[in-house]
Amino acid sequence: MTAARIANRESRITAAPIHVAAGILKDARGRILLARRGDGRDLAGLWEFPGGKVEPGETPHEALARELREEVGIEIGAIDPLIAVPHAYPHKRILLDVSCVRSFTGRARGLEGQALAWVPRERLHAYAMPAADRPVVAALLQPAEYLITPEPGPDLDTFANTLLAAVRGGVRRVQLRALALGADAAAALVAALKPQLREQRAELLLGGRLGGDLDATLALCAAYGCGLHATASQLMSLTRRPALDAVFAASCHTLDELHHAQALGADFAVAGPIAPTPTHADARPLGWAAFAALREQVALPIYALGGLRREDLAIAREHGAQGIAAIRALWSGDA
Ligand SMILES: Nc1nc2c([nH]c(=O)n2[C@@H]2O[C@H](COP(=O)(O)OP(=O)(O)OP(=O)(O)O)[C@@H](O)[C@H]2O)c(=O)[nH]1
């Protein structure tokens, strides 16, 4: 490659992201519309949410309405933002701005010869999609809030009751994080919590130091069918995804850690702290811009953590986060 071509390629990669508006359209049965990118186009053959580039002077809503009219032959009504994913492909950067379309008129057809498919939510994973779409599918399917428990302390009954109250209040994904609990007490707590969380359809992940070290935690995960949430240093010590029947997640603070989590096939990561937080007083806050800069380098769903409240979900989604992970804000309902 000549110097001029290299310079040209570099300038395209570092150039401002291309703003792309895409829509989640549902039919009467709740199935979601995917369109197949035709031959000769970038990322040809992959399935995507219909939409296209936002032209100068257009709002994302106007761009989406135009693209769906031109490409699929429908007229859309109001939209609700779902997630805006910054993603860096090797040759270009995009901001994939995805909204849920509340209503539309007309029958969807592939007006540019593209194949269309109405896909049940749980079948989305069976369709090969561009990397930027992975966080979009996660935003559709996985919880927006991730509760990380505070240290249980001596009164385990009150702890368990507060946790179950949070789950009854809508939390669907929980990490039991306890550093000071002995192995037997940890096992008894997991045995007590797991059936009740299953009944509420809430997922339980065990923090990587529950019951001692990672091996002890993995034994508890296997015994009770729980997911694993590895610490960043545990993540970096792993050379393959742990054998689990449940989700595998990790805390990440750097791009290396996020890349490693993705390479091991983690289901999601947690990154932060976004804002100052008393539980990690010495950690330097990342801020949203740095979060988005990390986010665009990996396709993993990532929860933002640190000093966040429930009301921060919208800003988290604007920066491509799966949602917010929190201790205080989700534990007692106050921050
Ligand atoms: N509409 C849409 N585009 C997506 C999705 N995911 C994703 O990475 N993209 C990328 O966002 C850009 C959308 O622009 P476009 O649909 O107008 O693309 P295009 O074929 O006109 O241009 P291009 O092929 O030169 O990139 C493409 O580069 C596409 O690869 C998605 O779910 N929906």
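What counts, and at which threshold
- Residues numbered from 1 in each chain as written.
- Predicted model: local features only at pLDDT ≥ 70, side-chain atom pairs only at ≥ 80, totals over all residues.
- Heavy atoms only, no water.
- Domains from an automatic or database assignment.
- Contact = heavy atoms within 4.5 Å.
- Salt bridge = Lys/Arg side-chain N within 4 Å of Asp/Glu carboxyl O.
- Polar contact = N/O pair within 3.5 Å; in protein donor to acceptor, adjacent residues only side chain to side chain.
- Helix = DSSP H or I, 4+ residues; strand = E, 2+ residues; numbered from the N terminus.
- Pairing = 2+ DSSP bridges.
- Buried < 20%, exposed > 50% of the residue type's maximum accessible area, 1.4 Å probe, protein only.
- Disulfide = S-S within 2.5 Å.
- Axes fitted to C-alpha atoms, helices over the stretch in contact; angles between N-to-C directions.
- pLDDT = per-residue confidence, 0-100.
- Phe/Tyr/Trp six-rings, centres within 6.5 Å; stacked < 30°, edge-to-face > 60°.

Looking at the domain arrangement of the protein chain
No. 1: Looking at the protein chain, the domain boundaries give domain 1 (3–124) and domain 2 (145–330).
No. 2: Residue-level contacts link eight residues of domain 1 with eleven residues of domain 2.
No. 3: Linking domain 1 with domain 2 are one salt bridge, by the criterion used here.
No. 4: Glu-296 is the partner of Arg-93 in a salt bridge, and the nearest nitrogen-oxygen pair spans 3.2 Å.
No. 5: Where domain 1 touches domain 2, the interface holds five residue pairs in polar contact (both at pLDDT 80 or more).
No. 6: Among the elements that make up the side of domain 1 that touches domain 2, the one with the highest residue count is strand S6 (residues 79–88) (seven residues).

Brief notes about the sheet that holds strand S2 (residues 32–36)
No. 1: Strands sit in the order S3-S2-S9 across an open sheet of three strands; the sheet is antiparallel. The sheet is open, and its two borders are formed by strand S3 (47–48) and strand S9 (116–119), each paired with just one other strand.
No. 2: Note: S2 against S9, four bridges, orientation antiparallel. Bridge pairing in S9 places Ala-35 opposite Leu-116.

Focus: the pattern of salt bridges
Think of it this way: side chains of opposite charge can pair up when their charged atoms draw near.
No. 1: Throughout the structure, instances matching the rule amount to 13 salt bridges.
No. 2: When the shortest N-O distance is used, the salt bridge between Arg-66 and Glu-58 registers 2.6 Å.
No. 3: Take Arg-66: its relative accessible area is 16%, and that puts it in the buried class.
No. 4: The salt bridge involving Arg-69 is made with Glu-75; its shortest N-O contact spans 2.7 Å.

Regarding the side chain of Thr-149
No. 1: You can see Thr-149 is positioned in the loop between strand S10 (145–148) and helix H4 (156–168).
No. 2: Judged by its relative accessible area of 0%, Thr-149 is buried.
No. 3: Looking at Thr-149, its side chain comes within polar contact range of the main-chain nitrogen of Arg-177, at 3.0 Å.
No. 4: Ignoring sequence-local partners within four residues, the contact set of Thr-149 consists of Phe-159, Leu-163, Val-174, Gln-175, Leu-176, Arg-177, Ile-327 and Trp-331.

Section: the state of the cysteines
No. 1: Per the counting criterion, the structure on display carries zero disulfides.
No. 2: Free of any disulfide, Cys-221 has its nearest cysteine sulfur in Cys-226, 6.0 Å distant.
No. 3: Judged by relative accessible area, which is 1%, Cys-226 ranks as buried.

Some thoughts on the sheet that holds strand S1 (residues 18–24)
No. 1: A sheet is described by the order of its strands in space; here four strands give the open sequence S4-S1-S7-S6, paired in mixed fashion. Of all the strands in the sheet, the pair left with one neighbour each is strand S4 (51–53) and S6. Taking the axes of each pair of neighbouring strands and ignoring which way they run, one obtains an average angle of 20° across the sheet.
No. 2: Here S1 runs beside strand S7 (residues 93–101); their pairing, made up of seven bridges, is parallel. Bridging across to S7, Ile-24 finds its partner in Cys-100.
No. 3: This element, helix H2 (residues 60–72), spans S1, S4, S6 and S7 of the sheet and lies at about 120° to S4.

Here we look at the side chain of Thr-217
No. 1: Mapped onto the elements, Thr-217 comes out in helix H6 (residues 214–224).
No. 2: Once residues within four sequence positions are removed from consideration, Thr-217 is found in contact with Leu-206, Gly-207, Gly-208, Arg-209, Leu-210 and Leu-228.

Section: the confidence of the model for the protein chain
Detailed reading of the predicted coordinates is not advisable wherever pLDDT falls low.
No. 1: On average, residues of the protein chain carry a pLDDT of 93, and 95% of them reach 70 or more.
No. 2: Here residues 1–12 scores under 50 on pLDDT; set against residues more than four positions off or in separate chains, the count is four contacts.
No. 3: Model confidence for the complex: the whole-complex pTM is 0.93, and ipTM, which rates the interface, is 0.94.

Looking at the packing of aromatic side chains
No. 1: Enumeration over the complete set of coordinates arrives at seven aromatic pairs.
No. 2: With centroids separated by 5.2 Å and ring planes inclined at 90°, the aromatic side chains of Tyr-146 and Phe-268 adopt a geometry described as edge-to-face. Note that Tyr-146 is positioned in strand S10 and Phe-268 in strand S15 (residues 268–271), a separation of 122 residues in sequence.
No. 3: Residue Phe-268 is classed as buried on the basis of its relative accessible area, which comes to 0%.
No. 4: Here the aromatic rings of Phe-268 and Tyr-303 are separated by 5.1 Å at their centres, their planes lie at 75°, and the arrangement is edge-to-face. You can see Phe-268 sitting in strand S15 and its partner Tyr-303 sitting in strand S16 (residues 302–305), a full 35 residues away along the chain.
No. 5: Assessed through its relative accessible area of 0%, Tyr-303 is described here as buried.
No. 6: Taken together, the aromatic side chains of Tyr-146, Phe-268 and Tyr-303 make up a single cluster linked through ring pairs.

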